[in-house]
Amino acid sequence: MPDNDARRQAEEQIKRLAKDPQVVPALAQHLRTAKTPNVRQLAAVLLRKKIIGHWAKLSPQLKNLVKQSLIESITMEHSPPVRRASANVVSIIAKYAVPAGEWPDLLPFLFQCSQSAQEDHREVALILFSSMTETIGIAFQPHFADLQALLLKCLQDDTSNRVRIAALKAVGSFLEFTNDGDEVVKFCQFIPSILNVARQCLSSGEEDVAIIAFEIFDELIESPAPLLGDSVKSIVQFSLEVCSSQNLESNTRHQAIQIISWLAKYKYSSLKKYKLAIPILQVMCPMLAESADAGEDDDLAPDRAAAEVIDTMALNLAKQVFPPVFEFASLSSQSANPKFREASVTALGVVSEGCLELMKDKLEPILHIVLGALRDPEQMVRGAASFALGQFAEHLQPEIMSHYESVLPCILNAIEDASDEVKEKSYYALAAFCEDMGEEILPFLDPLMQKLLAALQNSPRNLQETCMSAIGSVASAAEQAFIPYSERVLELMKSFMVLTNDEDLRSRARATELVGIVAMSAGRARMEPILPPFMEAAISGMTLPILFNNCSMSFQKFNFSVFSQGFGLEFSELREYTHGFFSNVAEIMDDSFAKYLPHVVPLAFASCNLDDGSAVDIIESDDENINGFGGVSSDDEAHDEPRVRNISVRTGVLDEKAAATQALGLYALHTKSSYSPYLEETSRILAIIALKSILTSAHAIFQSQNDGPAKAREMLDTVMDIYIKTMTGDDDKEVVAQACMSVAEIMKDYGYAAIEPSCQQLEDDSDMEDDDTEHDELLMDAVSDLLPAFAESMGSHFAPIFANLFEPLMKFAKASRPLQDRTMVVACLAEVAQGMGAPIAGYVDRVMPLAIKELASSDATNRRNAAFCVGELCKNGGESTLKALLFVIDIYVVAVG
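Residues numbered from 1 in each chain as written. Predicted model: local features only at pLDDT ≥ 70, side-chain atom pairs only at ≥ 80, totals over all residues. Heavy atoms only, no water.

### Considering the overall build of the protein chain
Filter applied, for reference: In this description a helix means any DSSP run of H or I spanning at least four residues, a strand means any run of E spanning at least two, and both kinds are numbered starting from the N terminus. Partly exposed describes any residue whose relative accessible area lies between the buried limit of under 20% and the exposed limit of over 50%, with all areas from a 1.4 Å probe on protein chains only and scaled to the type maximum. Exposure was quantified through the Shrake-Rupley algorithm and a 1.4 Å probe, taking into account, for residues, occlusion by the shown protein chains and nothing else.
Scanning the protein chain for helices and strands turns up 45 helices and two strands. The proportion of buried residues among the 897 residues of the protein chain is 54%. Here the protein chain has roughly 40700 Å² of accessible surface; of this, 50% comes from carbon and sulfur atoms.

### A word on the environment of F387
For the record, the criterion: We call two residues in contact when some of their heavy atoms are within 4.5 Å.
With respect to the helices, strands and loops of the structure, F387 is situated in helix 22 (residues 379-395). Residues F387 and V350, spaced 37 residues apart in sequence, show a C-alpha to C-alpha distance of 9.4 Å. With residues near it in sequence (within four places) discarded, F387 still touches K425 and Y428.

### Things to note about the pattern of salt bridges
In plain terms, the rule: For salt bridges, the criterion is a side-chain nitrogen of Lys or Arg within 4 Å of an Asp or Glu carboxyl oxygen.
For the structure on display, the rule yields 26 salt bridges. One salt bridge in this structure joins K425 and E421, with 3.4 Å as the shortest N-O distance. With K425 and E421 both in helix 24 (residues 420-435) and four residues apart, the pair spans about one turn of that helix. K425 gets classed as partly exposed once you look at its relative accessible area, which sits at 29%.

### Focus: the nonpolar core
For clarity, the threshold we go by: Working definition of a nonpolar core: buried Ala, Val, Leu, Ile, Met, Phe, Trp, Tyr and Cys residues. They are joined through side-chain atoms within 4.5 Å.
Among the nonpolar cores identified, the biggest contains 281 residues, and F217, M284, F392, L452, F593, Y667 and F798 are the most heavily contacted of them. With sequence-adjacent residues up to four places away left out, F217 is seen in contact with I191, I194, L195, I235, F238 and I259. Listed in part, the five residues of the second largest apolar core include L505, A509, L574 and Y577.

### Here's the deal with helix 18 (residues 318-332)
In plain terms, the rule: Take the number of residues in a helix, subtract one, and multiply by 1.5 Å to get its expected span.
End to end, helix 18 covers 20 Å across 15 residues, agreeing with the expected 21 Å (1.5 Å per residue, within 8%). Buried within helix 18 we find A318, V321, F322, P324, V325, F326, F328, A329 and S332. In this structure, the buried residues of helix 18 make contact with helix 16 (277-287), helix 17 (302-316), helix 19 (338-351), helix 20 (356-360) and helix 21 (363-373).

### What to know about helix 33 (residues 597-608)
Look at helix 33: 16 Å from first C-alpha to last across 12 residues, which is about the 16 Å you get at 1.5 Å a residue. The buried fraction of helix 33 is high, at 11 of 12 residues. Taken together, the buried positions of helix 33 are occupied by L597, H599, V600, V601, P602, L603, A604, F605, A606, S607 and C608.

### Observations regarding the UniProt feature "repeat: HEAT" (unreviewed entry) in the protein chain
How we decide: UniProt positions are given in the numbering used here, feature names are shortened, and annotations may be inferred rather than shown by experiment.
Residues annotated in UniProt with the feature "repeat: HEAT" (unreviewed entry) correspond here to residues 366-404 and 407-442. Within residues 366-404, the helical portion is 67% and the strand portion 0%, while the C-alpha atoms at the span's ends are 14 Å from each other.

### A few points about the packing of helix 18 against helix 19
Selection rule: To obtain an axis, a line is fitted to C-alpha atoms, over the contacting stretch when the element is a helix, and the angle between two such axes runs from 0 to 180 degrees between their N-to-C directions. These descriptions rest on fixed angle ranges, namely under 35 degrees for roughly parallel, over 145 for roughly antiparallel, 65 to 115 for roughly perpendicular, and the rest for oblique. Crossing chirality is assigned from the near helix's rotation relative to the far helix, an anticlockwise turn below a right angle marking it left-handed and a clockwise turn marking it right-handed.
Two elements in contact, helix 18 and helix 19, have axes separated by 8 Å at closest approach and are oriented at 150°. Classed by the angle they form, the pair helix 18 and helix 19 counts as roughly antiparallel. Crossing of helix 18 over helix 19 shows left-handed handedness. Counting all contacts with helix 18, which are made through V321, V325, F326, F328, A329 and S332, the residues of helix 19 involved are F340, R341, A343, S344, A347, L348 and V351.

### Describing the environment of V825
With respect to the element layout, V825 can be found in helix 42 (residues 819-836). In this view, V825 contacts L809, M810, F812, A813 and L850; residues no more than four positions away in its chain are not counted.

### Side note on the packing of aromatic side chains
Stated formally: Any pair of Phe, Tyr and Trp rings, taking the six-membered ring for Trp, is counted once the centres come within 6.5 Å. Such a pair is stacked with planes under 30 degrees apart, edge-to-face with planes over 60 apart, and tilted for the rest.
According to the stated counting rule, one finds 16 aromatic pairs in the structure shown. Ring geometry for F214 against F238: centres 5.4 Å apart, planes inclined by 20°, an arrangement best described as stacked. Of this pair, F214 sits in helix 12 (residues 207-222) while F238 sits in helix 13 (residues 231-244); the two residues are 24 residues apart in sequence, bridging distant segments of the chain. Here F214 matches F238 in class, with each residue buried. Plain terms: the ring middles of F387 and Y428 are 6.4 Å apart, the flat faces sit at 25° to each other, and that makes the pair stacked. Placement of the pair is F387 in helix 22 and Y428 in helix 24, with a sequence separation of 41 residues. By relative accessible area, which is 25% here, Y428 ends up partly exposed. Each member of the aromatic cluster is reached from another via a ring pair, and the members are F790, F798, F802, F806 and Y843.

### Points about a negative patch on the surface
We apply this condition: Only residues above 30% relative accessible area that lack a salt bridge enter a patch, with like-charged residues linked at up to 9 Å and the nonpolar side chains Val, Leu, Ile, Met, Phe, Trp and Tyr linked at up to 5 Å. His is not counted, nor are the chain ends, whereas Lys and Arg count as positive and Asp and Glu as negative. Charge coordinates come from a single atom per side chain, which is NZ of Lys, CZ of Arg, CG of Asp or CD of Glu.
A surface patch of like charges, here negative, comprises E134, E176, E215, E219 and E222. When you line up the elements, E222 lands in helix 12.

### Section: the side chain of E290
Threshold: Here a polar contact means two N or O atoms within 3.5 Å. Within protein one must be a hydrogen donor candidate and the other an acceptor candidate, and residues neighboring in sequence count only if both atoms are side-chain atoms.
Looking at the secondary structure, you find E290 in the loop between helix 16 and helix 17. Residue classification places E290 among the buried residues on the basis of a relative accessible area of 13%. Reaching out from E290, the side chain makes a polar contact with the side chain of R253 at a distance of 2.8 Å. In contact with E290, other than residues within four places in its own chain, are Q246, R253, P302, D303 and K339.

### Quick word on unusual backbone geometry
The omega torsion across Q397 and P398 is -5°, close enough to zero to call that bond cis. A positive phi is found at K672, a non-glycine position, where the angle reads about 50°. Note that K672 resides in the loop between helix 34 (651-671) and helix 35 (679-685).

### Considering the packing of helix 43 (residues 844-854) against helix 44 (residues 860-876)
Short version of the rule: Each residue gets one of three labels, nonpolar for Ala, Val, Leu, Ile, Met, Phe, Trp, Tyr, Cys and Pro, charged for Asp, Glu, Lys and Arg, and polar for the others, Gly among them.
One way to put it is that helix 43 packs onto helix 44 with a least axis distance of 8 Å and a crossing angle of 145°. In this structure, the crossing between helix 43 and helix 44 has a hand that is left-handed. Contacts between helix 43 and helix 44 pair V844, V847, M848, A851, I852 and E854 from the former with N862, R863, A866, C869, V870, L873 and C874 from the latter. Here the residues of the contact of helix 43 with helix 44 sort into 10 nonpolar, one polar and two charged.

### Considerations on the state of the cysteines
What counts, and what does not: When two cysteine sulfur atoms are found within 2.5 Å, that pair is recorded as a disulfide.
In this structure the tally under the stated criterion is zero disulfides. Not engaged in a disulfide, the cysteine C869 finds its nearest cysteine sulfur in C874; these two sulfurs lie 9.5 Å apart. With a relative accessible area of 39%, C874 lands in the partly exposed category.

### Here we look at the side chain of N876
On the secondary structure map, N876 appears in helix 44. Of the residues examined, N876 reaches a relative accessible area of 18% and is grouped as buried. A polar contact is formed between the side chain of N876 and the backbone oxygen of A833, at a distance of 3.3 Å. Ignoring anything within four residues of it in the chain, the contact list for N876 reads A833, Q834, G837, A838 and I840.

### Side note on the environment of M437
Note on placement: M437 falls in the loop between helix 24 and helix 25 (442-458). Distance from M437 to S473, taken between C-alpha atoms, is 8.9 Å for residues 36 residues apart in sequence. Apart from residues lying up to four places away in sequence, M437 is in contact with M401, Y404, L408 and A477.

### Some words on the confidence of the model for the protein chain
The following threshold applies: pLDDT gives the predictor's per-residue confidence on a scale running from 0 to 100.
For the protein chain, per-residue confidence averages 79 on the pLDDT scale, and 80% of positions sit at 70 or higher. Ranking the helices and strands of the protein chain by mean pLDDT puts helix 19 first, with 95, and strand 2 (residues 643-648) last, with 34. Segment residues 612-650 is flagged for pLDDT under 50; beyond a separation of four residues in sequence, or across chains, it makes 80 contacts in the model. Note on residues 763-775: pLDDT is under 50 here. Beyond four places in sequence and across chains, it has 20 contacts.

Below, the structure written as structure tokens:
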């Protein structure tokens, strides 16, 4: 209605009515009888919004009325938007009604619909199967075989494109739901049909639907089951067709490239088996020469995505990747097209990490290409060459250093290039190259520093930042030979360390870092007299009000007069580098750094207490806009749950916290007893990695005190309590892994008796859930280190604890588990047997068959671990080992005749 007031009054009236459960049958009535499709659709949308709150209050008769109305709407409605809106309501009701047994005829109805001669019925049934999988997928499990047959049939429906598309979406939903490897394997037979539907969608311009095919392939690729077989060839062929088609949308091409990338990451053995590396590289290498469209998202740029694929392939298939890449680079370096000359050196830089051993043998011809490109008339080529040299310096050590006499002069020329972009990448190359140089840098030191100091004073901010990184690497390499330049560099840094504009804070951070590096070269005697202004400038760069509000410690006892002229700056990278600067100063000042502890320790505490959680934006259901229900009639695809719009990890804060924790460990290490006022607070908030250093410092401090043993015991208990709580309660697998490794190290240093009280908690909390199928390789490695450490420390006394841990550990030895899991279990059991001794006899009947079975593994590491395990069982298991061994041998003799 054009009358806003009248419409608003109607909307308010609907809101009031919607609070009464009787609105449900009223809306169901409108859904069945309203003459206008818009009204019927609006009735279904409102019903979906309100049904959850009212469903439990309805009588069985009214529930049946609503269900019947929805079924009629799905089967008899002529308007597709109304049918879809009704299907959304069915999906919501099914979430509650099906598990409660209130809608037993729903699934039979859907199967019936899916076989209907009417296209509309088949489509809406598939839409419902898809949406209901997200809410009550468990109810479909007894029918999976029938569903898979149905979906395959609908994918091959030769009369309806809509049905094929709906079937494609349903397959995606089912694959996302099921975690059963056997069920996933059955979807492999769908691949030819999925490819056919995806090709049809692309030819008709429905790229968004074709992308669903890539999402399905993603699920199949990431499955640990070896289920793709020779269909990987058709998936690669289709993906290469799509990513080569420049007429398609960037996102569509990117999805295709990602499939190749995931295959290279998860199924690279299949790429090797079916000889697919060369066909892939024949497409990916030329894509490095593509230009991104103006305004295009960098993450979708084809040249960038192709570089990521080549990088991943190089890491996993070096022998298959390097020859064609080197051939491409050799030919393209002579191309008349500058984009291909750029691509030639980009490709070499990208593969240098994965193909390092192969490239080391061909450094002469490789450097001939790259150093030639550094003299190319086109700046894009020179910039790519500088980047490649930086990559070589990082990954081709130490062989690349033997070429410093030819490489370093070329970089020296490049840092004076007319192009700022080339200069910036040349500073990166210089920084990477010099970082691993020693006295070899000395002949170049003076010309290097003359050019770098001149550039530092006459360049824009972004170049000054990379220039400072290069100077830092030169200072690290030259060590005391850098002293003649240290005074000049430190003087220049003073002006950078007081910059306050937001756009200048990165430069300030780099300057702060550089002063710390130069201080390491200059040494304590030269730095101590001139240090105070640098310390004051560094401290003033921290965001004091924010930091203090986040730190629980009482700061009144510390002297903050140094801040009286300062102010805080909100820039995490600056705080990160400032903690690094303080760490370097602590290292050169040693115990004399104690006078700065009252100023720097609270800053580190505050950084440790910053919230490093993910930033998540939530969008509430957008059915209601500023005018109440206005515009809701068009929303037939909305969901009742709030939707996550964006998730971003605040990596800057994580880096800051890492630098702060490392700093606290170094403060404790170098100031020793002077650190005692901060021990309690440090032990409470310090991250897991630094706690071990704190514990070492505490024992050194307490040795000379009368009540030292008691305090040492208290500190050890505090640290162990943090570790145990982390191991049993933290969701971050890397943190838990680090805690496990730290406990194992502490046990080796102090013995089990010292930490026994704390470990009682671990024994009590040692249960693993039966369905714990997702884990992290790093975490499992840590656990498999921790159990043998217990066994070695405790000997036979470990038996009661191991009794609680044995069954959860054996779950990872099932045949359905990945090879690395079984390898971990066998190795862990071998070391436990070695450390625990005789009590292992009680487990021989279970462990010996497992170990002997793994002796037949195709993996050499697994066979070695299995042999080690059998040996330790024979050594420590007593008579029961011989019986088990003979029994297993008898079984194998019978099995092989």
